[in-house]
Each structure stands twice: as structure tokens, then as C-alpha cells.
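# Examination of the molecular architecture
Each chain, letter by letter, is given below.
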Amino acid sequence: MTFAGQHGGNDRVLHASRHNPPTMPTPVPDDDGKLRAIPKAVFDGPNGAFLKSMGMSPDDPSNIIPQAEDFDRMVQESLKRQEERRCAIEADLLEKHGHNAIRPFFVCGEGVLNSELGNWMIRAMKLMPYDEWNVAYLPTDDATAAVMGLPLHPCQSIDPIDQTIVAKLTPIKESVEQALIESKQAMATGYDPDLAEKYLNFVDSRRAAILDYVGELKPLVIRMLAEVQEEQS
């Protein structure tokens, strides 16, 4: 996949890789052609009543496994939301201060998102790169920097930060992939809804851990940029 969020003019859309997908379940498509985490046949079997009592159905969006084109669409929708946020911030800055030169800065930059880890974060964790968790808006001129009280946009990804993020999040990726392997092995002879729920809860907790980490890192990165720019000036 290609992520060009920091270089050039407008951000280009990131496309989910079709060549090196992360470890994912590989169920057989149902008769309607859709891939489901829990096949329709399970809902018609002895565990069906239990699943339905939990409010689940075979066509729940969370039960449909997206394909490459679905991820491309989700990334494009994420980019559109980012553009809408940027335009709203620019309009507010212009009205209040008369300066509004800003650009999105991505905490997880090219070195993260153009990697196996980044592909996994998008496809397995459903973490879209242009959503708020990964974005901070930084000024691109001194006048806007003064009214925002923020450092200037570095106009590039910062390799040491990307490397730190990869080192921190790769063990989370590996733990989720190992949990998937163990869950599939445990259910090799039959579907176990309790084990499936345990696995899904674990995935949710690891996704939350990623969001928490990036959320804590974002102000630290901005502070670091400010300190570096102060030293340079």
C-alpha cells in the first residue's frame, strides 16, 4: 500500500494492500458470496439460539469480513472525514484570527502505515489512518503558529518516531495473531461461542490499547517538535 500523508500537496488515498495481507481468518464464503466471521450455518445450528440471544445475527456488519475493495472504500471515507475536519478548523481560524494555514500531521506516519504493521492495523483493527486518533493539525506558517500556539508542521514523517511506534505495536499485533491461531485450534472440532467471544473481547482490548498509546504519544510528539524548533531558532 502507499501512504503519502506528509509529502507533496494534498494527501493521497491509502489503498489496502492486496499482496501482503495480515493473518486473518479464512472462512469459506456463504451461499450469498459473503465472508462471515461466524458462518450462517452456525446460526442455524445448536449454537444459533445462544448467538441470537446475545443480539447477534449473521448479517451484522461486525460479522461480515470486508474485502480489499471494502477497505479501500473505508480509507477513502476516512480521508473525506479528515478533509471536512480540516476545512472546519481552517474556517474557524480564519474567522477568529485571520490566519489559517494548517496541514494534517499523522502520528503514525509513512514508516508505520507503509509496513506490514500498518496494513494489519487497517485490515485487522479497522483503524483508518485519516481518522482523528492519528491526526493533529499543525500550522505551516509563523502567523498561524502564533495564533494556534503550536509548532510548525515538519512537512515529513519522522523516522525515529515511526520506528518507536513499530517497535511498541508489533508485540500487540503478534499477540492478536497468536490468539487467533489458538482460537482456531481450540475450535478445530466445533464452534465454541464462549471462546469466540473471548477472542473478540481480546481483539477489542488490543485495539483500545493501540488507541490509548497513540493518544498519549500525540502531545509528546507535538511538544518534541516545539522544543526542536525552539532550539533551531
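Every chain is numbered independently, its residues counted from 1 as its sequence is written. Owing to the predicted nature of the model, reporting of local features is limited to residues with pLDDT of at least 70; listing and counting of side-chain atom pairs is limited to 80 or more, with chain, interface and lining totals taken over all residues. Side-chain numbers here rest on the full set of heavy atoms in the structure, without hydrogens or water.

### Comments concerning the overall build of the chain
Rules: Counting from the N terminus, the helices are DSSP H or I runs at least four residues long and the strands are E runs at least two residues long. Each residue is assigned to one of three classes by its accessible area relative to the maximum for its type, calculated with a 1.4 Å probe on protein chains only: buried under 20%, partly exposed between the two thresholds, exposed over 50%. What sets the accessible areas is the Shrake-Rupley method with a 1.4 Å probe; for residues, cover comes only from the shown protein chains.
Helix and strand counts for the chain stand at 8 helices and 2 strands. Ordered by position in the sequence, the α and β elements of the chain form the string α-α-α-β-α-α-β-α-α-α. Looking at the chain residue by residue over its 233 residues, the buried ones come to 41%. Carbon and sulfur atoms make up 53% of the accessible area of the chain, which amounts to about 12400 Å² in all.

### Quick notes on the pairing of strand S1 (residues 102-106)
Test applied: Pairs of strands are assigned from DSSP output, requiring at least two bridges between the strands.
Extensive coverage of S1 is indicated by the burial of 5 of its 5 residues. Because side chains alternate across S1, one face comprises the buried residues Ile102, Pro104 and Phe106, and the other comprises Arg103 and Phe105, equally buried. Of the strand pairs in this sheet, S1 and strand S2 (residues 135-139) are connected by 5 bridges, and their pairing is antiparallel. Paired with Arg103 across the strands is Leu138, a residue of S2.

### Examining helix H8 (residues 193-232)
This is how it is decided: One less than the number of residues in a helix, times 1.5 Å, gives the span that helix is expected to have. Throughout this description, a polar contact denotes any pair of N or O atoms lying within 3.5 Å of each other; where both atoms belong to protein, one of them has to be capable of donating a hydrogen while the other can accept it, and for residues adjacent in sequence the pair is counted only when both atoms sit in side chains.
With 40 residues, H8 ought to run about 58 Å at 1.5 Å a step, and its terminal C-alpha atoms sit 58 Å apart, in line with that. Looking only at H8, the buried set comprises Pro193, Ala196, Tyr199, Val203, Ile210, Tyr213, Val214, Leu217, Lys218, Val221, Ile222 and Leu225. Sitting at the amino-terminal end of H8 is Asp192, which places a side-chain oxygen 2.9 Å from the backbone nitrogen of Asp194.

### So, unusual backbone geometry
Leaving glycine aside, a negative phi is the common case for residues, and trans is the common case for peptide bonds. Of note in the backbone geometry, Lys126 takes a positive phi value of approximately 55° without being a glycine. Among the structural elements, Lys126 can be located in the loop between helix H5 (116-123) and S2. For Lys126, a relative accessible area of 34% gives the class partly exposed. Unusually for a residue other than glycine, Cys155 sits at a positive phi of about 60°. If you trace the backbone, Cys155 turns up in the loop between helix H6 (142-148) and helix H7 (159-186).

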